[in-house]
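Examining the three-dimensional arrangement
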Amino acid sequence: MKRKLISRFFCVALGAQVNSPEAWVKYADKEMRGDQSETQMSMTITTPDWSRTLDISSSVKKRTMALSTIHSPAKEKGIKTLRLNNQMWNYFPKLKRKVAVSSSMLLASWMGSDFTNDDVLKSSTLSEDYSHRFLQDQDALKIIEHKIKDGSKAMWPKIVGHFSSKDCLPRRYDYFDKEGTLKRSLMLDDIKTFDGHKTPTKLVMKPNSDEKKETTLIYHKIKFNVDLPDEYFSEKELTK
Amino acid sequence: MILFLLLSSLTAFALETEFSGSGELQYRNSRNNPEADKYFQTWKKTEAKIFLGQVGVKVQHQHHSVESNLFVRYLETPLLRNPNNLAPKFYLFPQRMVVRDLFNLKASQTSSRERVEALPTKLFYQIELEKFRVEIGRVYLTYGQGEIFNPINPFNQPTALNASAQVAQGNDGGTLTYFASQKHDLHLSIFGDKSQGETQKTFWFRTNSRLSDQLSLMLVGGEDQKRKKAGAEVTYQGEEALYFSQIFYQKNALDQESFDFLLGLDQQLHSLWHLRVEAGHQKRFKKNVSSDTNRFLPTETFLSIGNQIEITPLLKQQVTFIYDLKSSFAYGVLKTVYEVRQDLEIEGFFLGPALKGGKASDPLQEIVTRDFGLALRGYF
């Protein structure tokens, strides 16, 4: 009863003194993103009639550098995307062709899924691009509203996060457009620990417009203890 | 013990091998432009069946690799009966799959109804060092932002107006790349071409520089088949869109000089709608209508608008419209691609003139056919 009462007001992982929405969000960002990471994941797009699975690996350094590679299916195999600050390039290995793409592509859906390029390349972060306030407490959840800061390039004006008081990590995000309409919801589950970082490894994105469709992202392996030199995020690695 | 040593040595020299490829079956129904009569293109309508196949292999051991791509193309059409018919050249664009060809590794056969060719478009050895990369053999040289018109790259033609997907042209020789830093790299290429008998040489350089978080500059130049050429491409990452421009100068063996230009914009307007605008100018020297054209569509000063819309994750619509400002000739491309299952797609397409050109039109604009077709593509 005492533990339940305590968890209503602050998260044990954050420490008893800290109970600001900023601290919750910063903690979750730090746990789930780290400064640098290498990730192997699979993404399955499911509708009642068909499903499609992509295998992807991705390396991210801070919020400015990212390199992702598609390993399957065959049509997209080897396609890489490099992001350096605002600039982005795609590389098509079959043609050995590198093309610069507009950073507005971050808004585009990732290979027909309900995730965007921004979700995969992680160019925006909740802790830096949004301001936060508690909405309400439920027994085991803290609900935090994230509103986009002026000048931020993040794509969602408002996100509402449901954080577990047990481990201070999010279990659900609801994404709203400019009109305040709910557009999609992300459910986060199956918390695992990699290199000392606790992170959800099963993410299910459901668009509000189509209840029968969903995209499931499974993280198979995440390395946080990596030292990726800046030169790794370069033309050489992109066109390798 | 022997088995252990054998297994150890095999592991030490383990080769990573990757196979990939694609196959495409295409059916076309073509109608001729009535005005093509005056250029001896007297047929009215016809059918064509095309098969394109590619098999790629990459074998890698540590920093060494060998990469190849075998390309097979088959065309069946009654138009082959008359060698003056130009439509098969559009069907088989790009006609020359190796543009700087020293070794002629092509096997081909043509009859009055069928044409088949098989050749490696890519076959090279590569060594990757810390700051350098060397490629020797038949290589692709694919760079430049232009999808309709890409003047700074004489070694690969854009295929956005054609119905075939994922095709690139080879070049015989080699390329040395120096990766100076995250911001700068330099590429030096030497190619040879013996397709006209005498060996013609190409010495080519290309530099890429990221000048800031928004701005990149590419410089190219050299001597290519007895022509002096130089060019530049600037890309600017704006708030909402990517902007790019190219300028390309060349002076041919007859001392004729020309400047080509390209301006473009690439923008994701909406999560499902991609827009690309290109406007350009290419100086065209008068040539015989039956002579080969390097570009798919002859336009001197043009504006093109391309839209790609994702109707559903399985269904994509591409609509491209290109307009010749001088002749008012316009050409449209409509492609609808449906993913039947993972790695198998079917495409319905229409390619053809949308507006008739005026007096100033290039003769080649009057022989462009109107094609409807279906393509089935598989990848492995």
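Residues numbered from 1 in each chain as written. Chains lettered and ligands numbered in written order. Predicted model: local features only at pLDDT ≥ 70, side-chain atom pairs only at ≥ 80, totals over all residues. Heavy atoms only, no water.

Quick look at the confidence of the model for chain B
- Summing up the model confidence of chain B, the mean pLDDT is 89 and the portion of residues at 70 or higher is 93%.
- Interface confidence for the predicted complex, given as ipTM, is 0.88, next to a pTM of 0.88. (pLDDT = per-residue confidence, 0-100.)

Some points on the environment of Ser103(A)
- Within the secondary structure, Ser103(A) sits in the loop between β6 (97-101) and α3 (117-121).
- When the C-alpha positions of Ser103(A) and Ala66(A) are compared, they lie 13 Å apart, and in sequence the two are 37 residues distant.
- Apart from residues lying up to four places away in sequence, Ser103(A) is in contact with Asn86(A), Met88(A), Gln237(B) and Gly238(B). (Helix = DSSP H or I, 4+ residues; strand = E, 2+ residues; numbered from the N terminus. Contact = heavy atoms within 4.5 Å.)

Here we look at the nonpolar core
- If you look at the biggest cluster of nonpolar residues, it comprises 37 residues, and the most contacted ones within it are Met43(A), Tyr173(A) and Leu186(A).
- Among the secondary structure elements, those contributing two or more residues to this core are α2 (21-33), β1 (36-46), β2 (51-61), β9 (158-164), β10 (170-176), β11 (182-194), β12 (197-207) and β13 (214-223) of chain A.
- Tallying contributions element by element places α2(A) first for this core, with five residues.
- Excluding residues that lie within four positions of it along the chain, Tyr173(A) makes contacts with Leu126(A), His146(A), Ile159(A), Val160(A), Gly161(A), Phe163(A), Arg184(A), Ser185(A), Leu186(A) and Leu188(A).
- In terms of nonpolar packing, the next biggest core, distinct from the first, is built from 35 residues, Leu82(A), Trp89(A), Ile322(B) and Leu364(B) among them. (Core = buried A, V, L, I, M, F, W, Y, C linked by side-chain atoms within 4.5 Å. Buried < 20%, exposed > 50% of the residue type's maximum accessible area, 1.4 Å probe, protein only.)

Concerning the interface of chain A and chain B
- Counting residues at the interface gives 40 residues for chain A and 52 residues for chain B.
- Both sides of the chain A and chain B interface together cover about 3,800 Å² of buried area, and 48% of this is carbon and sulfur.
- Broken down residue by residue, the surface that chain A buries against chain B is led by Lys75(A), Lys96(A) and Lys236(A), which jointly contribute 18%.
- Taken together, chain A and chain B are joined by four salt bridges.
- Between Lys75(A) and Glu345(B) there is a salt bridge, with its nearest N and O atoms 2.7 Å apart.
- At the boundary of chain A and chain B, one finds 20 residue pairs in polar contact (both at pLDDT 80 or more).
- Those elements that place two or more of their residues in the side of chain A that touches chain B are β2, β5 (87-92), β6 and α5 (235-238) of chain A.
- Counted by class, the side of chain A that touches chain B contains 15 nonpolar, twelve polar and 13 charged residues. (Buried area = accessible area lost by both parts, 1.4 Å probe. Salt bridge = Lys/Arg side-chain N within 4 Å of Asp/Glu carboxyl O. Polar contact = N/O pair within 3.5 Å; in protein donor to acceptor, adjacent residues only side chain to side chain. Nonpolar A, V, L, I, M, F, W, Y, C, P; charged D, E, K, R; others polar.)

Describing unusual backbone geometry
- In this structure, Pro73(A) follows Ser72(A) across a cis peptide bond, with omega equal to 10°.
- Considering the arrangement of structural elements, one finds Pro73(A) in the loop between β3 (65-72) and β4 (80-84).
- For the bond running from Phe93(B) to Pro94(B), omega is -10°, close enough to zero to count as cis.
- Positive phi values are uncommon outside glycine, yet Gln225(B) reaches one of about 50°.
- Counting through the fold element by element, Gln225(B) comes out in the loop between β11 (215-224) and β12 (227-237).
- Of note in the backbone geometry, Asp255(B) takes a positive phi value of approximately 65° without being a glycine.
- Tracing the sequence through the fold places Asp255(B) in the loop between β13 (242-251) and β14 (257-270).
- Residue classification places Asp255(B) among the exposed residues on the basis of a relative accessible area of 55%.

Here we look at a nonpolar patch on the surface
All names here are of chain B.
- Residues Leu25, Phe51, Tyr338, Val340, Ile346, Leu374 and Leu376 make up a contiguous nonpolar surface patch of about 590 Å² in total accessible area.
- Elements with a minimum of two residues in the nonpolar patch: β18 (330-341) and β20 (370-379).
- Its location among the elements puts isoleucine 346 in strand β19 (residues 344-355).
- Judged by relative accessible area, isoleucine 346 falls into the partly exposed class, the value being 32%. (Patch = residues over 30% accessible without salt bridge, like charges linked within 9 Å, V, L, I, M, F, W, Y side chains within 5 Å. Areas by Shrake-Rupley, 256 points an atom, 1.4 Å probe, with all protein chains shown as cover.)

Some thoughts on the pattern of salt bridges
- If you walk through the whole model with that rule in mind, you get 42 salt bridges over all chains.
- One salt bridge in this structure joins Glu145(A) and Arg133(A), with 3.0 Å as the shortest N-O distance. With Glu145(A) in strand β8 (residues 141-148) and Arg133(A) in strand β7 (residues 130-137), this residue pair connects regions lying twelve residues apart in the sequence.
- We classify Arg133(A) as partly exposed; its relative accessible area is 46%.
- Here Glu345(B) makes a salt bridge to Arg377(B), at a shortest N to O gap of 3.0 Å. Placement of the pair is Glu345(B) in strand β19 and Arg377(B) in strand β20, with a sequence separation of 32 residues. Pair check on accessibility: Glu345(B) and Arg377(B) agree, each one buried.
- When salt bridges with common partners are traced through the structure, they connect Lys75(A), Glu24(B), Glu345(B), Glu347(B) and Arg377(B) into a single cluster.

Re the packing of aromatic side chains
All names here are of chain A.
- Scanning the model with the defined rule gives 13 aromatic pairs over all chains in all.
- The aromatic ring of phenylalanine 134 is capped on one face by lysine 142, whose charged end is 4.7 Å from the ring centroid.
- In this arrangement the basic side chain of lysine 158 is found over the ring face of phenylalanine 176, its NZ or CZ atom lying 4.6 Å from the centre. (Phe/Tyr/Trp six-rings, centres within 6.5 Å; stacked < 30°, edge-to-face > 60°. Lys NZ or Arg CZ within 6 Å of the ring centre and 35° of its normal.)

A few points about α2(A)
All names here are of chain A.
- Under the 1.5 Å per step criterion, the end-to-end length of α2 is 18 Å for 13 residues, consistent within 8% with the ideal 18 Å.
- Counting buried residues along α2, ten of its 13 residues qualify, which places the element largely inside the surrounding structure.
- When α2 is considered as a whole, its buried residues turn out to be Pro21, Ala23, Trp24, Val25, Tyr27, Ala28, Asp29, Glu31, Met32 and Arg33.
- Taken from the residues just after α2, glycine 34 is the one with a positive phi, measuring 65°. (Expected span 1.5 Å × (residues − 1).)

Some words on the pairing of β6(A)
Residue and element names in this part refer to chain A.
- Most of β6 is tucked away: four of the five residues are buried.
- Pairing of β5 with β6 involves five bridges; the strand directions are antiparallel. Counted as the bridge partner of methionine 88 is valine 101 from β6. (Pairing = 2+ DSSP bridges.)

Observations regarding the environment of Val72(B)
Residues and elements named next belong to chain B.
- Structurally, valine 72 is set in strand β3 (residues 64-76).
- A sequence separation of 49 residues divides valine 72 from threonine 121, and the C-alpha atoms of the two residues are 9.7 Å apart.
- Each residue touching valine 72, except ones within four places of it in the same chain, is listed here: Phe51, Leu52, Gly53, Glu117 and Ala118.

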